[in-house]
Amino acid sequence: MTINIILLGPPGAGKGTQARRLVEERGMVQLSTGDMLRAARSSGTEMGRRVAEVMDRGQLVTDEIVIGLIREKLAEGGKGFIFDGFPRTLAQADALGQLLAETGNSLDAVIEMQVDDEALVRRITGRFTCGNCGEVYHDDTRPTKVPGVCDACGSTDLKRRADDNEDSLKTRLLEYYKKTSPLIGYYYAKGKLAPVDGLAEMDDVAGQIAKALGG
Ligand code: ADP
Ligand code: ZN
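Within each chain, residue numbers correspond to sequence positions counted from 1 in written order. Think of it this way: whatever chain is written first is A, whatever ligand is written first is 1, and the rest follow in order. Totals for whole chains, interfaces and linings use every residue, but because this is a predicted model, local features are given only for residues with pLDDT of at least 70 and side-chain atom pairs only at 80 or more, for both listing and counting. To get the side-chain values, all heavy atoms of the structure are used, and hydrogens and water are removed first.

K.L.:
So what's going on with the environment of Gly77? Which residues, and what values?
P.N.:
Along the chain, Gly77 turns up in the loop between α4 (63-75) and β3 (81-84). When accessible area is computed with a 1.4 Å probe and restricted to protein chains, residues below 20% of their type maximum are described as buried, those above 50% as exposed, and intermediate ones as partly exposed. In this structure Gly77 comes out as partly exposed when scored by relative accessible area, which is 34%. Remark: the alpha-carbon pair of Gly77 and Thr103, spanning 26 residues in sequence, is separated by 8.4 Å. Secondary structure elements follow DSSP: runs of H or I no shorter than four residues count as helices, runs of E no shorter than two count as strands, and numbering proceeds from the N terminus.

K.L.:
How would you summarise the pairing of strand β5 (residues 127-130) if you had to cite specific residues and measurements?
P.N.:
Pairing between two strands requires that DSSP report at least two bridges joining them. Pairing analysis gives 3 bridges linking β5 to strand β6 (residues 136-138), with the strands arranged antiparallel. Within the sheet, the bridge partner assigned to Phe128 lies in β6 and is Tyr137. Here β5 hands over to β6 after 5 residues, with Gly134 in that stretch at a positive phi of 90°. Where β5 meets strand β7 (residues 158-159), 2 bridges bridge the pair, whose relative direction is antiparallel. In the strand pairing of β7, Cys130 is matched with Leu158.

K.L.:
How would you sum up the site of ligand 1? Please name residues and give values.
P.N.:
Of all residues adjacent to ligand 1, which total 20 residues, the nearest are Thr33, Arg38, Gln59, Arg88 and Gln92. By the criterion applied in these results, polar contacts are pairs of N or O atoms within 3.5 Å in which, for protein atoms, one can donate a hydrogen and the other can accept it, and in which residues neighboring in sequence qualify only through two side-chain atoms. Measuring from an oxygen atom of ligand 1, one finds a side-chain N or O atom of Arg38 at 2.8 Å. Side-chain polar atom of Arg172 to an oxygen atom of ligand 1: 3.0 Å apart, as the coordinates give it. Look at ligand 1: alone it shows 550 Å² of surface, and the protein chains cover 96% of it. Top contributing element to the shell around ligand 1 by residue count: helix α2 (residues 33-41), with 4 residues. Throughout, the ten residues Ala, Val, Leu, Ile, Met, Phe, Trp, Tyr, Cys and Pro are labelled nonpolar, Asp, Glu, Lys and Arg are labelled charged, and all others, Gly among them, are labelled polar. Here the residues of the shell around ligand 1 sort into 7 nonpolar, 6 polar and 7 charged. A single heavy atom is enough: if one lies within 4 Å of a molecule or strand, its residue is considered near that molecule or strand. Residue exposure ignores everything except the shown protein chains as possible cover, and the areas themselves are Shrake-Rupley values with a 1.4 Å probe.

By themselves, these are just geometric observations and shouldn't be taken as functional.
Here you go:
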C-alpha cells in the first residue's frame, strides 16, 4: 500500500527528522521544499540569489516558485510521498490537491506536529546538520560524539543554516502563524488531520505517526 502524507508544523517541530525516518523505514520519498530551495540557491542563478535573500530573512518564497518545484517532482513519478514543509499557504494546499488528482495520487493523512514556541526557539538556535548526509544535531541535546565530526558518515562538513538565528526565526514563526497555521483547519475539515505530540521523544513521535498511518 502506498500512502502520501503531509508533515505540518512550525519550524523546528521535527518534520525533517521524522521524514528521514519514514524514508528509511518505509521507502517513502521525501519532498522537502526547504531542501529544494536550498539547492536552488546554490545554483548561482538570478532566481537562486533572490530565493536566498527571502529565505535568510525567514519569509516565504512565492507560491509560484514552490508549486513549480513540487510539480516537477511529482511529474518524475514514484509513489509514497512525504510532503515536508509544503504546503505552507492555502494557495499551495489547493495546488497540491490539484496536482495529486492530476497524477492519480491521493492524500492520505496530514500529520500535525504540535510543539510550543519556547521549545522551537531552543531547538532551532542550537541546530546544525551534516552537509554530506543530512544528519541533524543539536549543541545541547544531540551533540556529535567527536566534536566537528558527523557520527553517521564521518564528514567534517557540519553546517548551521543562515536562517537559524533569532531574528529570522521570529519572522519564520510569524509567517507560520499568519499563513501556514490556517491549514490545520483546512485539513481538519477535509478529515485528514492527525495531531501528534512533537515534544515527545523522537521514537515516541515516530510511533504516534505510525499509528496515525495505520500501524
Ligand atoms: P523550517 O521548517 O525549519 O523553517 P524549511 O527548510 O522547511 O525549514 O524552510 C526554510 C525556508 O525555505 C522557509 O523559511 C522559506 O523561506 C522557504 N520555504 C520552504 N518551503 C516553502 C514553501 N512551501 N513555501 C514558501 N517558502 C518555503
Ligand atoms: Zn554525515
